[in-house]
Every structure is written in C-alpha cells, then in structure tokens.
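An overview of the molecular structure
Listed below are the residues making up each chain.
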Amino acid sequence: MITLNVNGKKRPVDAAPDTPLLWILRDNLGFTSVKYTCGISECGMCTVLIDGEARRSCIVY
Ligand code: FES
C-alpha cells in the first residue's frame, strides 16, 4: 500500500509496483480526465504535474 498526494489530498493506493501512474490515477482513483492514447510517452495526453514538473504518467512507475 502506498499513499499518493493528488490535488492536495492523500489517497491510499493498493497497486503492483510496476503499474504505471496513468492506470493508478484512472483505475484506482477514478481520475478519468487523465487520458490514455499512445502509452509510449509520445502524445502527451496523459501528462500530469508531479512536484510542479510535467510528466507523462504512462511511463511513470
Ligand atoms: S499516453 Fe501518450 S504520452 Fe502517455
């Protein structure tokens, strides 16, 4: 179990360590506004801010 701080709220997450952040946000936490398109860090549709830095969540583990 890990805890993520998403939009200022702490959220416990139970996910395998090799689960991309994109799927944790969508499937575990219900943030469907984070979109999956290419899955290989090319399109930018899954971009989120992590500590103020834009990151492609499909390749963040
Ligand atoms: S889904 Fe395309 S960059 Fe992540």
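See the structure shown above.
These notes cover the structure that comes with them. Quick caveat, the model's predicted, so the values are computed rather than measured.

Brief notes about unusual backbone geometry
- Not every positive phi belongs to a glycine, and N7 is a case in point at roughly 55 degrees.
- With respect to the element layout, N7 can be found in the loop between strand 1 (2–6) and strand 2 (9–13).
- Phi is positive for S41, close to 65 degrees, though the residue is something other than glycine.
- Residue position: S41 is located in the loop between helix 1 (21–28) and strand 3 (47–50).

Concerning the environment of G30
- As for its placement among the helices and strands, G30 is situated in the loop between helix 1 and strand 3.
- Between the C-alpha atom of G30 and that of R11, which follows or precedes it by 19 residues, the distance is 11 Å.

A closer look at the pairing of strand 1
- Counted residue by residue, strand 1 has zero buried out of five residues, so it is predominantly exposed.
- Of the strand pairs in this sheet, strand 1 and strand 2 are connected by five bridges, and their pairing is antiparallel. Note on strand 2: the bridge partner recorded for V6 is K9.
- Two successive antiparallel strands, strand 1 and strand 2, enclose a turn made up of two residues, where N7 displays a positive phi of approximately 55 degrees.

Things to note about the environment of M1
- On the secondary structure map, M1 appears in the segment before strand 1.
- Residue M1 is classed as exposed on the basis of its C-beta count, with 6 C-beta atoms lying within 10 Å.
- When the C-alpha positions of M1 and D14 are compared, they lie 4.6 Å apart, and in sequence the two are 13 residues distant.
- If we skip the residues at most four places from it in the chain, M1 touches P12 and D14.

Reading guide: rules and limits
Residues numbered from 1 in each chain as written. Predicted model: local features only at pLDDT ≥ 70, side-chain atom pairs only at ≥ 80, totals over all residues. Helix = DSSP H or I, 4+ residues; strand = E, 2+ residues; numbered from the N terminus. Buried ≥ 20, exposed ≤ 12 C-beta atoms within 10 Å, placed from the backbone. Pairing = 2+ DSSP bridges. Contact = placed C-beta atoms within 7 Å.

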